[in-house]
Amino acid sequence: MTFLSDSIARVQPSPTIAMTQRASELKAEGRDIISLSAGEPDFDTPDHIRQAGKDAIDAGHTRYTAVDGMPALKAAVARKFKRENGLDYTPAQITVGTGGKQILYNALMATLNPGDEVIVPAPYWVSYPDMVRLAGATPVMVPCPAETGFKLTPEALKGAITPRTKWLILNSPGNPSGAGYDRTAMKALTDVLLDAPHVWVLADDIYEHLVFDGFEFCTPAQVEPRLKDRTLTMNGVSKAYAMTGWRIGYGAGPETLIRAMAKLQSQSTSNPSSISQHAALAALDGPQDYIAESRTAFQRRRDLVVSGLNQCEGITCPTPQGAFYVYPSITGLIGRTSDGGTQITTDEDFANALLEETGVAVVFGAAFGLSPHFRISYATSDEELTDAVARIRRFCAGCR
Ligand SMILES: Cc1ncc(COP(=O)(O)O)c(C=O)c1O
């Protein structure tokens with residue numbers, strides 16, 4: 001008999017974190033490493049938000065709050081949904097947790113039973129399938145290759161739905177591909193869901209504000225109001241306001257679901273940090289200049305990385321609509337051998353050889369369920385990105 005539970009045995013440690021850790025180890029050994037594996041903005045949290053956190057401490061807001069968010073923050077979240085998404089939610093339909101990650105976790109744990117299925121378009125954010133498995137249910141991965149713009153098609157969605165399907169997880173713009181669904185593409189999916197009334201939608205909108213070239217973000221409950229009473233619209237302040245360490249995410253949906261999620265949170269973490277809640281309140285209600293500034297910087301970096309990678313032999317890099325990732329294909333390198341003598345048969349071989357031979361840390365595509373690709377997070381300085389792309393170009397040129 002093993003001491004550890006069956007559910008923990010079903011879960012994999014995050015490959016993204018493993019790659020970031022390996023890069024840190026090499027750095028500690030004195031190697032010149034550029035880490036493009038972590039998914040967080042490199043900017044500082046805007047001043048007025050940091051100040052709100054400090055003020056919260058000085059004002060004594062250091063005690064427990066309501067389990068799933070203080071009323072003032074829920075009211076600010078409701079205003080955000082109205083202002084930015086045209087969605088009406090009451091405070092009772094809103095929940096606040098320790099990052100968007102806890103919102104997703106609460107929703108899945110509060111609804112899934114063994115035998116239930118969750119549709120996860122691939123490439124996917126690494127945590128979705130493992131959270132589903134932790135809840136004892138089955139993730140059903142649907143390949144969405146570069147040819148469909150890394151997007152789920154209505155036909156593929158229709159083909160994946162079974163009587164056991166409980167949720168469709170939809171992440172737009174998405175991690176790791178940066179693909180975004182415009183209104184037409186989203187409507188095509190919501191039309192399929194209208195014919196499958198037992199399927200709920202988990203909309204992960206965490207990259208909402210990071211969209212480029214005038215791309216217009218949309219979310220399922222807004223595109224198809226008839227789905228609103230079976231949709232959880234999830235979002236957070238991590239990526240929008242460079243607040244990854246503050247750990248505040250939120251979701252909105254039908255009251256029965258929100259109450260069940262709060263019940264779970266009351267028996268696990270209780271309320272998210274009171275100080276962070278005050279900072280998130282300042283983020284949502286305060287000046288929004290940071291959003292446009294960061295969007296401009298990320299679009300410039302995206303263009304730099306996409307054009308640089310497309311000049312690398314064997315790499316093809318599509319231009320994403322949003323987020324701060326690119327997901328290039330390495331089909332042209334498979335079967336070759338690197339300068340350092342590594343035979344590249346998988347994208348994992350590629351990522352390992354790239355790190356060992358050039359010091360550039362990226363995450364291999366198999367981790368996200370679609371190969372042969374790799375993910376670059378371009379949330380780092382233009383100088384580092386230029387250097388990284390030059391190293392990748394030399395690496396590819398050395399592959400025979
Ligand atoms: C697609 C996606 N969803 C959700 C999250 C969770 O973000 P947080 O828990 O910081 O709000 C992340 C973070 O990397 C993400 O990439």
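Criteria and cut-off values
Residues numbered from 1 in each chain as written. Predicted model: local features only at pLDDT ≥ 70, side-chain atom pairs only at ≥ 80, totals over all residues. Near = placed C-beta within 6 Å. Nonpolar A, V, L, I, M, F, W, Y, C, P; charged D, E, K, R; others polar. Helix = DSSP H or I, 4+ residues; strand = E, 2+ residues; numbered from the N terminus. Buried ≥ 20, exposed ≤ 12 C-beta atoms within 10 Å, placed from the backbone. UniProt positions renumbered as here; feature names shortened; annotations may be inferred. Pairing = 2+ DSSP bridges. Axes fitted to C-alpha atoms, helices over the stretch in contact; angles between N-to-C directions. Expected span 1.5 Å × (residues − 1). Arc of directions from axis to C-beta. Contact = placed C-beta atoms within 7 Å.

Participant: Looking at this structure, I do not really get the site of the ligand. What am I missing?
Facilitator: In the vicinity of the ligand lie 13 residues, with Gly 99, Gly 100, Lys 101, Gly 236 and Ser 238 positioned nearest. Class assignment for the residues of the shell around the ligand results in two nonpolar, nine polar and two charged.

Participant: Explanation requested: the environment of Gln 311 in the structure shown.
Facilitator: When you line up the elements, Gln 311 lands in the loop between helix 12 (289-309) and strand 9 (325-326). C-beta crowding within 10 Å serves as the criterion here: with 12 such atoms nearby, Gln 311 is assigned to the exposed category. Counting along the chain gives 52 residues from Gln 311 to Arg 259, while the straight-line C-alpha distance between them is 52 Å.

Participant: It is not clear to me how the UniProt feature "domain: Aminotransferase class I/classII large" (unreviewed entry) in the protein chain should be interpreted in this structure. Could you clarify?
Facilitator: The residues that UniProt annotates with the feature "domain: Aminotransferase class I/classII large" (unreviewed entry) are residues 32-392. Secondary structure within residues 32-392 divides into 38% helix and 14% strand; the distance between the first and last C-alpha atoms comes to 14 Å.

Participant: So what exactly am I meant to see when it comes to the sheet that holds strand 3 (residues 117-122) here?
Facilitator: Sheet strands line up and pair through hydrogen bonds in the backbone, either parallel or antiparallel. An order of 2-8-7-6-5-3-4 is seen for the seven strands of this open sheet, with the pairing classed as mixed. Across the chains shown, the open sheet's two edge strands, defined by having one partner strand only, are strand 2 (94-97) and strand 4 (138-143). Averaged over all adjacent pairs, the angle separating strand axes in this sheet is 20°, with direction ignored. Bridge count for strand 2 against strand 8 (residues 249-252) is four bridges, and the pairing is antiparallel.

Participant: So what exactly am I meant to see when it comes to the sheet that holds strand 9 here?
Facilitator: Taken together, the three strands give an open sheet; going across it, the order is 9-12-11, and neighbouring strands pair in antiparallel fashion. The outermost strands of the open sheet, each flanked by one partner alone, are strand 9 and strand 11 (363-364).

Participant: Where do I start with helix 10 (residues 255-266) in this structure?
Facilitator: Quick reminder: α-helices carry 3.6 residues per turn. Residues three or four places apart thus point the same way. Helix length check: helix 10, at 12 residues, gives a terminal C-alpha distance of 16 Å against a target of 16 Å (1.5 Å per residue), a fit within 8%. Along helix 10, the residues classified as buried are Leu 257, Ile 258, Met 261 and Gln 265. For helix 10, the buried positions fall inside an angular range of 95° around the axis, keeping them on one side. Buried positions along helix 10 lie against strand 2, helix 5 (100-111) and strand 7 (231-236).

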